[in-house]
Amino acid sequence: MNALAVTHHEALRTVLADRTGTFVRGGAHQNWRAVREGEVDPHSALVRLVGGSIGSLLTANGAEHTRLRKPMQTHFTRRRVEALRPRVEKLAEDLLADMDGAESVDVKDRFAWPLTVGVLVGLLGVDEEDAPVLGDIARRVFELSDPGVYAEANAFLKDLVAKRRAEPGDDLVSALAAADDAAEEADRLGDTQIAANLVLLVIAGFETTMGTLANGVRALLTHPDQLGRVTGGEVEWAAAVEEVLRRYTSVSLLPAVFSTCDTEVAGVAVPEGEMLLLAYGAAALDPGAWQEPDTFDVGRDARGHLAFGHGPHLCLGAPLARLELTVALPRLFARFPDLALDTGREAADAAVPVESWMMHHPQQVWVHPKGAPAAV
């Protein structure tokens, strides 16, 4: 399979901002020439991912995208996100307390994973015993190895919507269900479309934030000078988080948009029906957009990075991700000021990336909470 990748910051920004219909999402069977002409298996996991499920924000365009996004944007507000702050802080403190006394711990497994899942459980009103299902769904989607995960995910979340219609609570799913019940007939989404959008929220709200948190811990521990700038008060944690998002975004590459006509991107001819991969990781290292882009500089003005996308499909979960990161990172390093990487485990296996060509974060991040043991 051949595909084009949009690797430069301005080019990617332009493609993401398109509102002319030159670049569209979804409909791979119609919009992707390689599928139309039999070069790509129409039943593959990749085609399922980029092809679009019913009612999904990710693969809708134009007026339909606006219609589907409006309820989420109305109810997944900064106020609702800010209301989660006490839960995020309590989760972080409890998880860090559980790490007290440990000689060596995988901070991704013991902190990043349960924190992000725990936040989603509270946001969506998922029963605690069902929490592991959310993480499993996200992992399997990004591995692109299990086409059946989509039906499973939609069934799980459709059942959750039905439960919250019957027994509403103070959560996002209940709010979406109540708003749908009160909407005009033409504006109603129904359980299937609400569930499809919640699948997207689970995928985007778990794996991406967990991976960026893991990347952020490793980045700060491997750049002690930069860590000292934030822990010493020279740089605000909010600014450091933006640089983590820019330089170490967990989203390396996302499929995809399709060209609907012959066009060009950054001077490169793009025929009709091409799939364009959205290379966020490469755009973060574009020297045309950033001075010394490979350098991790917590004092950099990193505003304008594309870690959350841009344009009509700008990530709805950006405020929640920022909240989690700006709560988790300072508390981790305040609780364990001598935190150090477990270099023995790092050398063995911890720096091995996850098995995904879309995501970029290590499988494990082993640390010594009380500092590295003295050499014997």
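Residues numbered from 1 in each chain as written. Predicted model: local features only at pLDDT ≥ 70, side-chain atom pairs only at ≥ 80, totals over all residues. Heavy atoms only, no water.

- Looking up the protein chain in an unreviewed UniProt entry gives the name Cytochrome P450, with the organism given as Streptomonospora algeriensis.

Here we look at the packing of aromatic side chains
Remark: the centre distance and the inter-plane angle together describe each pair of aromatic rings, the angle taken between the planes.
1) Next: Summed over all chains, the structure comprises 4 aromatic pairs.
2) Next: Taken together, a centroid distance of 5.9 Å and an interplanar angle of 85° make the contact between Trp113 and Phe206 edge-to-face. Of this pair, Trp113 sits in helix H8 (residues 107-124) while Phe206 is found in helix H12 (residues 190-222), placing the two residues 93 residues apart along the sequence.
3) Next: By relative accessible area, which is 1% here, Phe206 ends up buried.
4) Next: Sitting above the plane of the Trp290 ring, Arg246 keeps its charged end 5.4 Å from the centroid.
5) Next: Arg247 extends its terminal NZ or CZ atom over the ring of Tyr248, reaching a point 4.6 Å from the ring centre. (Phe/Tyr/Trp six-rings, centres within 6.5 Å; stacked < 30°, edge-to-face > 60°. Helix = DSSP H or I, 4+ residues; strand = E, 2+ residues; numbered from the N terminus. Buried < 20%, exposed > 50% of the residue type's maximum accessible area, 1.4 Å probe, protein only. Lys NZ or Arg CZ within 6 Å of the ring centre and 35° of its normal.)

Here's the deal with the sheet that holds strand S8 (residues 340-341)
1) Next: Pairing within the open sheet is antiparallel, and its 3 strands lie in the order S3-S9-S8. Every interior strand has two partners, whereas the edge strands, strand S3 (105-106) and S8, have only one.
2) Next: Here 2 bridges tie S3 to strand S9 (residues 366-368), and the two strands are oriented antiparallel to one another. Bridging across to S9, Asp106 finds its partner in Trp366. (Pairing = 2+ DSSP bridges.)

Description of the pairing of strand S7 (residues 275-278)
1) Next: Side chains Met275 and Leu277 project from S7 onto one buried face, and the interleaved Leu276 and Leu278 project onto a second face that is buried too.
2) Next: Two elements, strand S1 (residues 4-6) and S7, share 3 bridges in a ladder whose sense is parallel. Paired with Leu4 across the bridge in S7 is Leu276.
3) Next: Note that strand S4 (residues 254-259) and S7 share 3 bridges and pair antiparallel. Bridge assignment links Phe258 to a residue of S7, and that residue is Met275.

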